[in-house]
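Structural characterization, general
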Amino acid sequence: MTNQPGHTSSTMQSQARIPMHAIHQFEQQDRQRQGVRQSFDQSQQAISRQLEFLQAQVHIWQDQCWYCTQRGLAAEHDLYQCPHGNQTAAKPWFLHVRRHIKYAPFSGCFQCGLPQMICQQWKEKSQCTYRGVMISMIAMMVHGHGTADVRQAWQQRLQGFGVDVNNQAAVTQFFGQRHGNEEMNELVQEFIWLRQRWMEAGEVE
Ligand SMILES: [Zn+2]
Ligand SMILES: [Zn+2]
């Protein structure tokens, strides 16, 4: 018992060499570093999930017409060859966007716009088989019959990015932009968002 006060004070002295506020600071920095690493891992996981979803979606809709699928019609064709293609604004919108879109460097395959992790057909000289898949899908999802609700929600979303949904040139330009620092363009982001909207709303697959 007689040693206790001396022991306590020497422990306190050795601790006192590193000021308490510095220890807190180190701990805080550690936590921050851990947080940065964690959110990096989380965003990597989110990107991997996005890519998986994207790949599955373009595979399904590559040569299946979404418009006809929703109506229980024969659907083994693309929008370009759809017998009902002239009944909505989808087809002219699709053709215009596809003709004018320019993908930012490193934002994806310059023919179809998919991330290079999914499509590397730009390396070959042939035409990319995914060309137009995302754009025609978006066209049908917002310009077909019965798409008013989703279109309105999408209009609000684009407004948040400063893009007017009725301004075709502005939408086309926006699609081609790179999404932040990711090797992805905004077309991919909007395609994923609209697909998820429709899947939540209940659609025919
Ligand atoms: Zn069709
Ligand atoms: Zn491609």
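Here we summarise the structure given alongside this text. Note that the structure is a prediction, hence the values are computed from the model and not measured.

To continue, consider the overall build of the protein chain. Summing up its helical and strand segments, the protein chain has eight helices and zero strands in all. For the protein chain, the C-alpha radius of gyration of 26 Å lies well beyond 17 Å, the compact-globule estimate for 205 residues. Considering only C-alpha atoms, the protein chain reaches an extent of 100 × 40 × 30 Å along its principal axes. Buried residues in the protein chain amount to 38% of all 205 residues. In the protein chain, the share of contacts with a sequence separation of at least 24, taken over all contacts with a separation of at least 6, comes to 59%. Averaged over its 18 positive side-chain charges, the protein chain has a centre that lies 6 Å from the centre of its 17 negative ones.

A separate point is the coordination of the zinc ion (ligand 1). All of the protein donors around the zinc ion (ligand 1) are C65 (SG), C68 (SG), H77 (NE2) and C82 (SG); their distances to the metal are 2.1 to 2.3 Å. Around the zinc ion (ligand 1) sit four donor atoms; with metal-centred angles ranging over 104 to 114°, the donor geometry is tetrahedral. Considered as a linear motif, the donors of the zinc ion (ligand 1) on their single chain read C-x2-C-x8-H-x4-C. Of the two residues, C68 and H77, both sit in the buried class.

Our focus in this paragraph is the pattern of salt bridges. Pairing of side chains with opposite charge becomes possible as their charged atoms draw close. Under the defined criterion, the tally for this structure stands at two salt bridges. Linking E190 and R157 is a salt bridge whose minimum nitrogen-to-oxygen distance equals 2.8 Å. Here R157 lies in helix α6 (residues 148–160) and E190 lies in helix α8 (residues 186–201), a separation of 33 residues in the sequence. A salt bridge links R195 to E203; the nearest nitrogen and oxygen atoms lie 2.5 Å apart. Classification of E203 by relative accessible area gives buried; the value is 18%.

This paragraph deals with the coordination of the zinc ion (ligand 2). Summarising the metal site, the zinc ion (ligand 2) is bound by the protein donors C109 (SG), C112 (SG), C119 (SG) and C128 (SG), whose distances to it range over 2.3 to 2.4 Å. Coordination at the zinc ion (ligand 2) is tetrahedral, judged from the four donor atoms that bind it and the angles of 97 to 129° they form at the metal. In primary sequence terms, the donor set of the zinc ion (ligand 2) follows C-x2-C-x6-C-x8-C. Taken together, the positions of C109 in the loop between α4 (90–100) and α5 (133–143) and C128 in the loop between α4 and α5 put the pair 19 residues apart, joining distant regions of the chain. Neither C109 nor C128 differs from the other in exposure class; each is buried.

What the rule picks out here adds up to four aromatic pairs. When the ring of W66 is compared with that of W198, the centres are 5.0 Å apart and the planes differ by 70°; the resulting orientation is edge-to-face. One end of the pair, W66, is in helix α3 (residues 66–70); the other, W198, is in helix α8, with 132 residues separating them in the sequence. Side by side, W66 and W198 carry an identical accessibility label, which is buried.

Once that is clear, we can look at the packing of α4 against α5. Between two packed helices, what matters for the description is the angle formed by their axes and the separation of those axes. The geometry of α4 relative to α5 is characterised by a closest axis approach of 9 Å and an angle of 145° between their N-to-C directions. The handedness of the crossing between α4 and α5 comes out as right-handed. Residues A90, W93, F94, V97 and R98 of α4 form the contact with α5, whose participating residues are I135, S136, I138, A139, M140 and H143. A per-class count over the contact of α4 with α5 returns eight nonpolar, two polar and one charged.

On to α6, then. For α6, spanning 13 residues, the distance from its first C-alpha to its last is 19 Å, which sits close to the expected 18 Å at 1.5 Å a residue. Among the residues making up α6, those that are buried are V150, A153, W154 and L158. Buried residues of α6, seen end-on, are gathered within an arc of 140° and therefore sit on one face of the element. Among the exposed residues of α6, those pointing more than 90 degrees away from its buried face are A148, D149, Q156 and Q159. If you follow the buried residues of α6, they end up packed against α5, α7 (168–176) and α8. Of the residues flanking the end of α6, it is G162, one or two places downstream, whose phi is positive at about 75°.

Cut-offs and rules
Residues numbered from 1 in each chain as written. Chains lettered and ligands numbered in written order. Predicted model: local features only at pLDDT ≥ 70, side-chain atom pairs only at ≥ 80, totals over all residues. Heavy atoms only, no water. Helix = DSSP H or I, 4+ residues; strand = E, 2+ residues; numbered from the N terminus. Rg over C-alpha atoms; globule rule 2.2 N^0.38 Å. Buried < 20%, exposed > 50% of the residue type's maximum accessible area, 1.4 Å probe, protein only. Contact = heavy atoms within 4.5 Å. Lys, Arg positive; Asp, Glu negative; His and termini not counted. Charge placed at Lys NZ, Arg CZ, Asp CG, Glu CD. Donors = N, O, S within 2.8 Å, 3.2 Å for Na, K, Ca; no water. Tetrahedral: all angles 85-135°; square planar, octahedral: opposite > 155°, others 65-115°. Salt bridge = Lys/Arg side-chain N within 4 Å of Asp/Glu carboxyl O. Phe/Tyr/Trp six-rings, centres within 6.5 Å; stacked < 30°, edge-to-face > 60°. Axes fitted to C-alpha atoms, helices over the stretch in contact; angles between N-to-C directions. Left-handed = near helix turned anticlockwise from the far one by under 90°. Nonpolar A, V, L, I, M, F, W, Y, C, P; charged D, E, K, R; others polar. Expected span 1.5 Å × (residues − 1). Arc of directions from axis to C-beta.

Shape descriptors only; they carry no functional weight alone.
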